[in-house]
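Chain residues, written in single-letter form:
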There are 2 protein chains.
Amino acid sequence: MEKLLRSKKIRITDFRISILNIFNKQSTALSIEEIETELGQFDRITLYRTLKLFKEKGILHEIAIAGSNVRLALCEQNCEDLHHHHHNHIHFHCVLCSEVYCLDVETYPEIGLAGFEVQQVEIQATGICKSCR
Amino acid sequence: MEKLLRSKKIRITDFRISILNIFNKQSTALSIEEIETELGQFDRITLYRTLKLFKEKGILHEIAIAGSNVRLALCEQNCEDLHHHHHNHIHFHCVLCSEVYCLDVETYPEIGLAGFEVQQVEIQATGICKSCR
DNA sequence: ATAATAATGCAACATTGTTGCATTATTATA
DNA sequence: TATAATAATGCAACAATGTTGCATTATTAT
Ligand SMILES: [Zn+2]
Ligand SMILES: [Zn+2]
Ligand SMILES: [Zn+2]
Ligand SMILES: [Zn+2]
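Residues numbered from 1 in each chain as written. Chains lettered and ligands numbered in written order. Predicted model: local features only at pLDDT ≥ 70, side-chain atom pairs only at ≥ 80, totals over all residues. Heavy atoms only, no water.

### Considerations on the interface of chain A and chain B
Across the contact, 35 residues belong to chain A and 35 residues belong to chain B. Summing both partners gives a buried area of about 2800 Å² for chain A against chain B, and 63% of it is carried by carbon and sulfur. Looking only at chain A, the three residues that lose the most surface to chain B are A:Leu113, A:Phe116 and A:Glu117, adding up to 20% of its buried area. For the pair chain A and chain B, the interface holds zero salt bridges. At the boundary of chain A and chain B, one finds 12 residue pairs in polar contact (both at pLDDT 80 or more). Secondary structure elements with two or more residues in the side of chain A that touches chain B: strand E4 (89–94), strand E5 (100–104) and strand E6 (117–128) of chain A. Its residues placed into classes, the side of chain A that touches chain B shows 20 nonpolar, eight polar and seven charged. Taken together, the 11 bridges between E6(A) and strand E6 (residues 117–128) of chain B define a ladder with antiparallel strand orientation. Note that in E6(B) the partner of A:Ile123 across the bridge is B:Ile123. (Contact = heavy atoms within 4.5 Å. Buried area = accessible area lost by both parts, 1.4 Å probe. Salt bridge = Lys/Arg side-chain N within 4 Å of Asp/Glu carboxyl O. Polar contact = N/O pair within 3.5 Å; in protein donor to acceptor, adjacent residues only side chain to side chain. Helix = DSSP H or I, 4+ residues; strand = E, 2+ residues; numbered from the N terminus. Nonpolar A, V, L, I, M, F, W, Y, C, P; charged D, E, K, R; others polar. Pairing = 2+ DSSP bridges.)

### Re the relation of the copies chain A and chain B
The operation relating chain A to chain B is a screw motion whose rotation component is 180 degrees, with 0.0 Å of axial translation and a residual RMSD of 0.0 Å. The transformation just described matches what one would write down for a two-fold rotation axis. Taken as a fraction of all interface residues of chain A, those also at the interface in chain B reach 100%, which identifies the copy contact as same-surface. (Least-squares fit on C-alpha atoms with pLDDT ≥ 70 in both.)

### Some thoughts on the environment of B:Ile59
All names here are of chain B. Within the element layout of this structure, Ile59 appears in the loop between helix H4 (44–56) and strand E2 (60–63). Counting along the chain gives 22 residues from Ile59 to Asp81, while the straight-line C-alpha distance between them is 7.8 Å. Apart from residues lying up to four places away in sequence, Ile59 is in contact with Leu4, Leu5, Lys8, Ile10, Leu20, Phe54, Ala73, Leu74 and Cys75.

### So, the coordination of the zinc ion (ligand 2)
Each angle at a metal carrying four tetrahedral donors should ideally be 109.5 degrees, and each at a metal carrying six octahedral donors should ideally be 90 or 180 degrees. Residue and element names in this part refer to chain A. Within the protein, the atoms that donate to the zinc ion (ligand 2) are His61 (NE2), His89 (NE2), His91 (NE2) and Cys102 (SG), at distances of 2.0 to 2.3 Å. Here the donor residues of the zinc ion (ligand 2) are spaced in sequence according to H-x27-H-x1-H-x10-C. Within this pair, whereas His61 is found in strand E2 (residues 60–63), its partner His89 is found in strand E4, the two being separated by 28 residues in sequence. Residue classification places His61 among the buried positions, given a relative accessible area of 3%. (Donors = N, O, S within 2.8 Å, 3.2 Å for Na, K, Ca; no water. Buried < 20%, exposed > 50% of the residue type's maximum accessible area, 1.4 Å probe, protein only.)

### Let's talk about the coordination of the zinc ion (ligand 1)
Residues and elements named next belong to chain A. In this structure, Cys94 (SG), Cys97 (SG), Cys129 (SG) and Cys132 (SG) serve as the protein donors to the zinc ion (ligand 1), at separations of 2.2 to 2.4 Å. Between the four donor atoms coordinating the zinc ion (ligand 1), the angles at the centre fall across 104 to 114 degrees, so the site counts as tetrahedral. Here the donor residues of the zinc ion (ligand 1) are spaced in sequence according to C-x2-C-x31-C-x2-C. Of this pair, Cys94 sits in strand E4 while Cys129 sits in the segment after E6, and the two are 35 residues apart along the sequence. The same class applies to Cys94 as to Cys129, namely buried. (Tetrahedral: all angles 85-135°; square planar, octahedral: opposite > 155°, others 65-115°.)

### Points about the side chain of A:Ser31
Inspection of the secondary structure assignment puts A:Ser31 in strand E1 (residues 30–31). Residues within four places of A:Ser31 in sequence aside, it is in contact with A:Val70 and A:Arg71.

### Some remarks on the protein's contact with DNA strand D
Near DNA strand D, the surroundings consist of 16 residues, among which A:Tyr48, B:Arg11, B:Thr13, B:Arg16 and B:Arg49 are the closest. The sugar-phosphate portion of DNA strand D accounts for 55% of its atoms within 4 Å of the protein, the bases making up the rest. Separating a base nitrogen of DNA strand D from a side-chain N or O atom of A:Arg44 is a distance of 3.1 Å. Partitioning the surface near DNA strand D into residue classes produces six nonpolar, three polar and seven charged. (Near = heavy atom within 4 Å.)

### A word on the packing of helix H3 (residues 32–39) of chain A against helix H4 (residues 44–56) of chain A
Residues and elements named next belong to chain A. Packing of H3 against H4 leaves a shortest axis separation of 12 Å and a crossing angle of 125 degrees. One finds that H3 runs oblique with respect to H4. Between H3 and H4 lies a crossing whose hand is right-handed. Across the interface between the two elements, Ile32, Ile35, Glu36 and Leu39 from H3 touch Arg44, Leu47, Tyr48 and Leu51 from H4. Residue classes in the contact of H3 with H4 are distributed as six nonpolar, no polar and two charged. (Axes fitted to C-alpha atoms, helices over the stretch in contact; angles between N-to-C directions. Parallel < 35°, antiparallel > 145°, perpendicular 65-115°, else oblique. Left-handed = near helix turned anticlockwise from the far one by under 90°.)

As structure tokens, then:
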């Protein structure tokens, strides 16, 4: 927790620790609304600033789902910043419980597009999750 | 244009026609801001309602990009509604011009996740587009 | 312990999207 | 083509989401 903040060279504060705690006890990605509920009493501006910083530092990654709220989840250890992630997982969105999971896949698909230089590939699967089946 | 609206069993209005015209002369996906610029003078509420309807009817599909604005693009002929699309293309987001392209791929990857029922797969590639290289 | 620096919390604001309702336009039918 | 039924538009007002400036407070380096 504090080690993570130290490694990213940002100050260790109570607020940041509590945000990290919330993500650590969760197995699925979280919406901002869910984080707010977990926090109880808090300052909205500080929350937004913290989430923005965590994304910039490669502590959290953002998952944008069409027709749904943005979700956030913890990054892998080796993510550098907003633009240099090193994930090898896909995002699964359950149509029943609407939870979003970060899931490892055996083989991550390669995408080739003539004339385009592909740098990163983000995959989102939609369907019914393990616990809703 | 009018044929499309008729086939979806919704009324033909000037506003809807002008929205469809904007999308037809464009090769890339559009942000709401871009649509507003193209429209010139318009009513914001009508625009939002029109876009919502078009998404529900399978006329437009929404592309959610992490850290960027939502984009919209025309659907394939056989898209039924919001939840029943029949696209076979991926979405490419250029890091230089930030345009979003709908691009056909030779083979659309299959995703298998033990315990999860996959119904749809959305793929987003990021990199440098044809015209920015 | 002190100074330098960064984070927080408040107010105020900006952007984005929604709801209710009267007016206007489209469509079906006679 | 005229009329009635129905749906879309445009306005006001609001709700939700996200941002900026600035004084106060906390963290860190010395
Ligand atoms: Zn589920
Ligand atoms: Zn993830
Ligand atoms: Zn480009
Ligand atoms: Zn598309």
